[in-house]
Amino acid sequence: MTAGCAAPGPAAEWEPLGLSWHPSGQSSLSGPLLALAGRLDRAFLLLAATLWGAREERHPASMPAGTLQRVDYLHSFPHQASFPVRLDPDEANLDAFRAGPVLGPDGDVRLTRLAPAREVLTPAACYHLYAGHEGTSLAGPLYLTTSNTCFRHEARYEPLRRQWSFTMREFVCMGSAPETEAFLAEGRSAVDLLLKRLDVAVEWSVATDPFFRPLQNPQYLMQRVQPSKHEAVYGGELAIGSANQHHDHFGAGFSITRDGGPASSACIAFGIERWLFALVRRHGTDPAAWPDPAGVAAQVTGVPAGEPA
Amino acid sequence: MSSEPRADDHGQHGPGSGDARAMLRAWILAKNDDLDAGALSDQTPLLTTRYLRSVHLPELILLLERVRGTPIDVEYLGAGDFRDIDTIVTGFITPAQNTEPAS
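Since this is a predicted model, take the numbers as computed values, not measurements.

## Points about the pairing of strand β10 (residues 229–234) of chain A
Residue and element names in this part refer to chain A.
Point 1. Inspection of the sheet shows strand β9 (residues 202–207) paired to β10 by six bridges, in the antiparallel sense. Its bridge partner lying in β10, W204 is registered against A232.
Point 2. Bridge count between β10 and strand β11 (residues 238–247): six bridges; the pairing is antiparallel. Residue E231 lies in a different strand from β11, and its bridge partner there is S242.
Point 3. If you look at the hairpin formed by β10 and β11, you'll find three residues sitting between the two strands, and G235 has a positive phi there, around 65 degrees.

This is the structure we're talking about:
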């Protein structure tokens, strides 16, 4: 283990369930946990499809830094950003790299000159959606869903609960302010019903995003005076989902319009690994005792879990 | 409902609150070209209407600090503190130079 990457909690205890913990703050899933993650994502897809007919999109692992900066991401969250870098492709530089030790004794790569870093590893799945619909004039609400492996550097990591990379499923609505408010209300109700049927208790509470130097950030100050983020908190301290009203932050940033002005947007986000943690904590380490999220979602929505919604 | 500074504001809202209201009205109107002065009262919601946006907050806080003569500890900002002009004046101007809003 390296400093800052301690692995308290379920790392060893849950290995038989298919959890492998990496000192980098990441986990591998297999077996029962991987199957549960799959059924959970199927449940979310069923909700998104039946509630709003949401269209699913899939996006790359990284996005251009210039795109993220359209909404000032790098000033707001520099402490969480992860940048994919590569060696400058100049052959002399590559030869110099190969001629060196390549790796140090602690596994650190002995880099030579780097190519300019222009990408950021996806910090939240929904950023791709706003960028992908840049310049769109909406005639009505647009409902989308996407999932991605997201990267956020943290001071410390815990298996499933706080990871450098994790899986985020999101529902997104772009439209008028009333449309996004209705979306959040509908989504929260559906998530509450899903959680109730899964017998996982949460409390919704007001939250803020983890801004760097928050008191100097106007967006953080706005979240304080006009709460726009609510988290579904399991066990009094673990946010397994969030409902976020962005107002026209992304509409203005990406020139997405509705009714002649910047569109509003809102998202509902789920951290899949945290849901796994909550489900297993609630129902125990015997997979036979676990509820089937997809089956529960099918009951909630009236759509068979194995069928396209 | 008053949308203009009044002579009796000193008695009702404390010293300088009438001036503060007029100043806030002018400041908000300057930030919103499409906002008609007649449509802005002291109870007009500023946040839900987006007349007051995140980009405005640092300047507004500096403005309030200048008017009240003491700093505002933004760590104590809370939901609704900037809801409308009434709320801002009551919370930040009239409570006798407090350093925390009345939230």
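Still more ground to cover, so stick around.
## What to know about helix α9 (residues 272–283) of chain A
All names here are of chain A.
Point 1. The terminal C-alpha atoms of α9 lie 16 Å apart, and with 12 residues this matches the ideal 16 Å at 1.5 Å per residue to within 8%.
Point 2. Counting buried positions over the 12 residues of α9 gives 10, a clear majority of the element.
Point 3. Buried within α9 we find I272, E273, R274, W275, L276, F277, A278, L279, V280 and H283.
Point 4. Two residues or fewer after α9 comes G284, characterised by a positive phi angle close to 90 degrees.

## What about the environment of D292(A)?
Residues and elements named next belong to chain A.
Point 1. If you trace the backbone, D292 turns up in the loop between α9 and α10 (293–301).
Point 2. Take D292: its relative accessible area is 31%, and that puts it in the partly exposed class.
Point 3. Separated by 150 residues in the primary sequence, D292 and L142 have C-alpha atoms spaced 29 Å apart.
Point 4. There is a polar contact of 3.1 Å between the side chain of D292 and the backbone nitrogen of A294.

## Topic: the sheet that holds strand β14 (residues 264–271) of chain A
All names here are of chain A.
Point 1. As summarised here, the arrangement of the seven strands in space is β3-β7-β8-β14-β11-β10-β9, forming an open sheet in which the pairing is mixed. The two strands at the open ends of the sheet, each matched to only one other strand, are β3 (55–57) and β9. Taking each pair of neighbouring strands and ignoring which way they run, the sheet shows an average axis angle of 20 degrees.
Point 2. Here β3 runs beside strand β7 (residues 142–151); their pairing, made up of three bridges, is parallel. Opposite E57, over in β7, you have T146 as the bridge partner.
Point 3. Across the sheet, helix α6 (residues 177–198) is in contact with β7, β8 (165–175), β9, β10, β11 and β14; its angle to β14 comes to roughly 20 degrees.

Basis of the calculations
Residues numbered from 1 in each chain as written. Chains lettered and ligands numbered in written order. Predicted model: local features only at pLDDT ≥ 70, side-chain atom pairs only at ≥ 80, totals over all residues. Heavy atoms only, no water. Pairing = 2+ DSSP bridges. Helix = DSSP H or I, 4+ residues; strand = E, 2+ residues; numbered from the N terminus. Expected span 1.5 Å × (residues − 1). Buried < 20%, exposed > 50% of the residue type's maximum accessible area, 1.4 Å probe, protein only. Polar contact = N/O pair within 3.5 Å; in protein donor to acceptor, adjacent residues only side chain to side chain. Axes fitted to C-alpha atoms, helices over the stretch in contact; angles between N-to-C directions. Contact = heavy atoms within 4.5 Å.

Structural measurements only, silent on function.
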